[in-house]
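These are the residues of each chain, in order.
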Amino acid sequence: MALKIFEIDPSLQSVQGQIWDRVNGYKWWKEELEKNEGGLEKFAEGYKIFGFQREKNGFTYREWLPNAKQAFLTGDFNEWHNSTPLQSEGFGRWSVHLPDKADGSPALPHPCQIKVRVETNDGQWIERVPAWTKLAWQDHTTNLFNGVFWEPPAADRYVFKHPRPPKPENLKIYEAHVGMGSEHPKVATYADFARDVLPRIKRMGYNCVQLMAIAEHAHYGCFGYHVTSFFAPASRQGTPEELMAMVDTAHGLGIIVLMDLVHAHASSNTMDGIAQMDGTDHCYTHGGLKGHHSEWDSKIFHYTKYEVLRFLLSNVKWWIEEYKFDGFRFDGITSMLYHSHGIGKGYTGGYHEYFGPDADIDSHIYLMLANDLIHSILPSAVTVGEDVSGMPTLCRPVAEGGFGFDYRLAMAIPDMFIKLLKEGSDDGWDMGHITHTLTNRRWKEKVVAYAESHDQAIVGDKTLAFWLMDAEMYTGMSLFTSPQPSLCVDRGLALHKMIRLLVLGLGGEGYLNFMGNEFGHPEWIDFPRPENGWSHHHCRRRWDLAEDDLLRYKFFQTFDELMQACECRFQWLGSEHQYVTVKNNM
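Summary of the structure given here. Everything numeric here is computed off the predicted structure, so don't read it as measured data.

A word on the overall build of the chain
Here's step 1: Within the chain one finds 16 helices and 22 strands.
Here's step 2: Counting only C-alpha atoms, the chain reaches 80 × 60 × 45 Å along its principal axes.
Here's step 3: Within the chain, the proportion of its 586 residues that are buried is 58%.
Here's step 4: Considering only contacts in the chain between residues 6 or more positions apart, those separated by 24 or more positions represent 74%.
Here's step 5: On the chain, roughly 23600 Å² of surface is accessible, and the fraction owed to carbon and sulfur atoms is 53%.
Here's step 6: Separation of charge centres in the chain, based on 56 positive and 76 negative side chains, amounts to 3 Å.

Quick look at the structure:
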């Protein structure tokens, strides 16, 4: 059987052995799951097995704890005593049936805080947040998280009102963080975001919102990238029902919603997360050094371990089915693609850099299975891979031998512009080099282009507007005190607009903007931490600046709105024509 990817790029024949390794591995798993589980989609319904399951006369709680000697469900309902033991079902599964009360109400009240207490095979006692918990709350007396028995009565459950919007041909992503979505120094809620930010996104002409930090993460300042509870929405921002309402509001506005999916690693926080869930370092993750990411200080999943694969694939399906997300941005997949996690490596396009002993075939198989699952259950889904290496075939369908992503983030583009702004004067820019970087992508593999994302806005870095205007972002933006702009501000405004239009025009088949950058947001992002007195002052978005008629920030925003309107009219992002006919430095 020939693979379509070899027709598209015959030079891949030179590395076909490793490509077939991943393709055959993917096929083997598909056959195994069909034989043992009723298929991939059925296998990815672990949330109907683990956690709390409603049965005829009560709930059954089930957890995978292969290293457990005994286990107890504890919580508010039993005053945190070891009075509710779990029974071993074999194969590492433990469960307990919780009969309803005489009046038919559940044995556990909603909402009830819980943990699972485990004695390991070597005699240690540990407490863990249930791995499949639907919600986790922080106990502010200990600062630790507890799982929450979240089973609201039928009358309180959210009912979706709007259908999913169709898949955009001209994907324009507004990257956002719900908690930062207020102009006030606080953690904004899902309801705040639905009311205040989604209408702005619609007005600006974006047809997709990509949400960071949705899955629960004990450390707020990690930007949501050190996930502790994979099936629970971040509770600082509201309840599960409020997240559902926010997604539904976006759909009502014609905006699709992507979630930042963090499956490249898990938080190393054992007290609040799934790391060492059963007391070993090899429950959901690899053990030893293989299971530790040295740069992120996090844990690496064992992607082809049976119950780990069920956990991760079920997590994908959960967010689509339960919360109606329309797809995912897979975070940090360069770390998954290579045993080295891409640390200390450079990628220039030579196939020897992508294939060979550094290629992590198990992770490749997982990504193929995940994309197959997503597009099977939701054909209109959008998946975006955050890969800095440019792995060939990443954005070709699984059926053709590819990884199955719809888009890859064009990460070289913002790096190029930051390098240009840091190292030289703008009147010396080489248009040939800029054009080459903007158009340097694999044939028939779509990319999402962006001039800057959240990475450039974090404290310690600078946004494009800051590189262009620096301190005059604070002193030279008033039309009242400075009716005539300084050369720095005037040139900064012009170049900011030019860069973004150039990226939208040439950079890819999709476009991304991070919240606030469309109007040159003047402040960096600095999450609350001891060094800043736990302040939210720099962990918000100053929407008021763009709405103030006396400030020049409105010119950034108006241009972005008109730029998006122009693309909406002509829809060049969806065009297959990608030739640049003229480029020069004149």
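Let us keep going from here.
Quick word on the sheet that holds strand β4 (residues 87–90)
Here's step 1: Pairing within the open sheet is antiparallel, and its four strands lie in the order β1-β2-β5-β4. Edge positions in the sheet fall to β1 (51–55) and β4, since each of these pairs with one other strand and no more. Averaged over neighbouring strand pairs, the angle between their axes works out to 30° when direction is ignored.
Here's step 2: Where β4 and strand β5 (residues 93–99) come together, three bridges link them in antiparallel fashion. Across the sheet, residue Gly90 finds its bridge partner in β5, namely Arg93.

Notes on the pattern of salt bridges
Here's step 1: Inspection of every chain in the model, using the stated rule, returns 38 salt bridges.
Here's step 2: The shortest N-O distance in the salt bridge between Lys35 and Glu32 comes to 3.1 Å. In this pair, Lys35 and Glu32 are both assigned in helix α2 (residues 16–37), three residues apart and thus about one turn of the helix distant.
Here's step 3: Assessed through its relative accessible area of 61%, Lys35 is described here as exposed.

Conventions used here
- Residues numbered from 1 in each chain as written.
- Predicted model: local features only at pLDDT ≥ 70, side-chain atom pairs only at ≥ 80, totals over all residues.
- Heavy atoms only, no water.
- Helix = DSSP H or I, 4+ residues; strand = E, 2+ residues; numbered from the N terminus.
- Buried < 20%, exposed > 50% of the residue type's maximum accessible area, 1.4 Å probe, protein only.
- Contact = heavy atoms within 4.5 Å.
- Areas by Shrake-Rupley, 256 points an atom, 1.4 Å probe, with all protein chains shown as cover.
- Lys, Arg positive; Asp, Glu negative; His and termini not counted.
- Charge placed at Lys NZ, Arg CZ, Asp CG, Glu CD.
- Pairing = 2+ DSSP bridges.
- Axes fitted to C-alpha atoms, helices over the stretch in contact; angles between N-to-C directions.
- Salt bridge = Lys/Arg side-chain N within 4 Å of Asp/Glu carboxyl O.

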